[in-house]
Amino acid sequence: MKTMKMSFFPRKHLLVFMLVLVFMPGASAQFYYINFEGNGAALFVDSVKVHNITQETSLVMNGSDTLFLFGTVGNTEPVTSMESELVLFPNPAGNISYFKFPVSEPGDHVISVYNLSGEPIASSKVMLGKGFHEFEISGLRTGFYHLQVVSGNMKLGSKLIMTESANDDPTIRKIADNPVHHEAIFKSGRGVVEMQYNTDDLLLITCYADIYAVVIPLVAIKSETITAQFVPCTDGDGNHYPVVFIGSQIWMARNLATTKYSDGSDIPNITVGSTWSNLTTGAYVWYGNNISNKQVYGGLYNWYATNPATNGNKELCPEGWRVASDADFTALTSFLGSTTTAGGKLKETGFTHWNSPNTGATNEKGFTALPGGWRGWNANFQDMGTYCWFWTQTEQVGNFAWLRNMFHNAANMGRGTVNKSHGLAIRCIKD
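Residues numbered from 1 in each chain as written. Predicted model: local features only at pLDDT ≥ 70, side-chain atom pairs only at ≥ 80, totals over all residues. Heavy atoms only, no water.

Draft legend 1. Structural detail: the overall build of the protein chain. Counting its regular elements, the protein chain contains six helices and 28 strands. Classification of the 431 residues of the protein chain by burial places 54% in the buried group. When contacts within the protein chain are restricted to residue pairs at least 6 apart in sequence, long-range pairs at least 24 apart make up 64% of them. Carbon and sulfur atoms provide 51% of the accessible area of the protein chain, an area that totals close to 18600 Å². (Helix = DSSP H or I, 4+ residues; strand = E, 2+ residues; numbered from the N terminus. Buried < 20%, exposed > 50% of the residue type's maximum accessible area, 1.4 Å probe, protein only. Contact = heavy atoms within 4.5 Å. Areas by Shrake-Rupley, 256 points an atom, 1.4 Å probe, with all protein chains shown as cover.)

Draft legend 2. The side chain of Asn-115, seen in detail. Looking at where Asn-115 falls in the secondary structure, it is placed in the loop between β8 (107-114) and β9 (120-128). At 3.0 Å, the side chain of Asn-115 forms a polar contact with the backbone nitrogen of Ser-117. In this structure the side chain of Asn-115 is engaged in a polar contact, spanning 2.9 Å, whose partner is the backbone nitrogen of Glu-119. (Polar contact = N/O pair within 3.5 Å; in protein donor to acceptor, adjacent residues only side chain to side chain.)

Draft legend 3. Looking closely at helix α5 (residues 326-335). Within the sequence span of α5, burial applies to Asp-326, Asp-328, Phe-329, Leu-332 and Thr-333. Down the axis of α5, the buried set is contained in an arc of 160°. They therefore lie on one face. Across α5 from its buried face, at more than 90 degrees, point the exposed residues Ala-327 and Ser-334. Just past α5, the residue Gly-337 takes up positive phi, approximately 120°. (Arc of directions from axis to C-beta.)

Draft legend 4. Region of the structure containing the environment of Gln-382. Topologically, Gln-382 is positioned in strand β24 (residues 381-384). Separated by 10 residues in the primary sequence, Gln-382 and Gly-372 place their C-alpha atoms 9.0 Å from one another. Once residues within four sequence positions are removed from consideration, Gln-382 is found in contact with Tyr-287, Gly-373, Trp-374 and Gly-376.

Draft legend 5. Molecular detail of the pairing of strand β15 (residues 203-209). The buried count for β15 comes to six of seven residues, which makes it a mostly enclosed element. Relative to β15, strand β3 (residues 47-52) runs antiparallel, the two sharing six bridges. Bridge pairing links Asn-52 to Leu-203 in β15. (Pairing = 2+ DSSP bridges.)

Draft legend 6. Broad picture of the state of the cysteines. What the rule picks out here adds up to one disulfide. Here Cys-317 is linked by a disulfide to Cys-428, with a sulfur-sulfur distance of 2.1 Å. Note on the Cys-317 and Cys-428 pair: the S-S dihedral is about -85°, so by sign convention the disulfide is left-handed. On the criterion of sequence distance, the pair formed by Cys-317 in the loop between β21 (300-301) and β22 (321-323) and Cys-428 in strand β28 (residues 428-430) is long-range, its members being 111 residues apart. For Cys-428, a relative accessible area of 0% gives the class buried. Here Cys-233 is not cross-linked by a disulfide; its sulfur's nearest cysteine counterpart is in Cys-428, at 6.7 Å. Given a relative accessible area of 3%, Cys-233 falls into the buried group. (Disulfide = S-S within 2.5 Å.)

Below, the structure written as structure tokens:
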């Protein structure tokens, strides 16, 4: 996981920066600022988890902060030491920016500014004692720069954005020791969280607000504000589920894991195999009768638990949601292009849960299908790591009902029927 790095960014400069980003000539990397706002059940975003699926990096940030996606910038080496201690304001700046940093060991300090190609634009060598020191930098042309302070084993750095070209030569000027006159300005900035980003990387962004969560896939092509549409999704146990929008449908982004129907009444937990196999009423179980599988894979339910006619006229899914039908899954696969590739587009990537080769997995819609296995007709547990099985609410004939499945060694989504006594996972869909 990459280290989260903080700097400061005032709201009033965002629009100016976006214009510079579009029109600045000769830029060799992409830079995007992503902000977040809420809608629906919550108007503010409390926190955000960002998972770069392509690079397998993640971070967590405050919902009020700005996500800064930056590309590789020429020959400039990434700075990892004490980076948060070099503070700039404003950034982006017009034609003058201020910066300050602490000095713990007296000595010579070299302050340098580099362009995107790693070429030095300005440099100054000064003797500094202990304490905070403040500088002014001016005379830079419109563009992106890297500011660096080096002394002995100390190395500080930050990105600097200038929005107005100056006619003077670049200048680095010391202002004062232990400054106080800019302290209020330095504290007034907005938090920025940086994440390295390459063109066409896929991000899965999960926005949280109170009990609500929504998963938003993003391939960044511009700076923008993302609106998180929060939708209530709480089951009879009080479990809260993230949701994901795919086409015109809203799906749970995690398998159902309730032990109660939506009215709060218990679903029987049947662990004995012979009892399970002979049921014609609703029941659930954790894979392997091991509750530790609940958090990741959810529960395995027989089909009778999904049907009000066989479960005592109860609803299994959260209020306002229902067990997905055969037609719902057909609409989903049609939106994704075809059954041939739909499974791969829905499967979680990598091998944390799926066995190799996890063929075709992209998770490009944030559905995150997992190989939670199933409980077979003989009540044995099987196929965790290799198969994902979902009930539909649609009966076929007699004791059989339709299902959908995905495989570790194929990209397609399968469709078939099994006996209603099998234990399969459930994904609910919004009414």
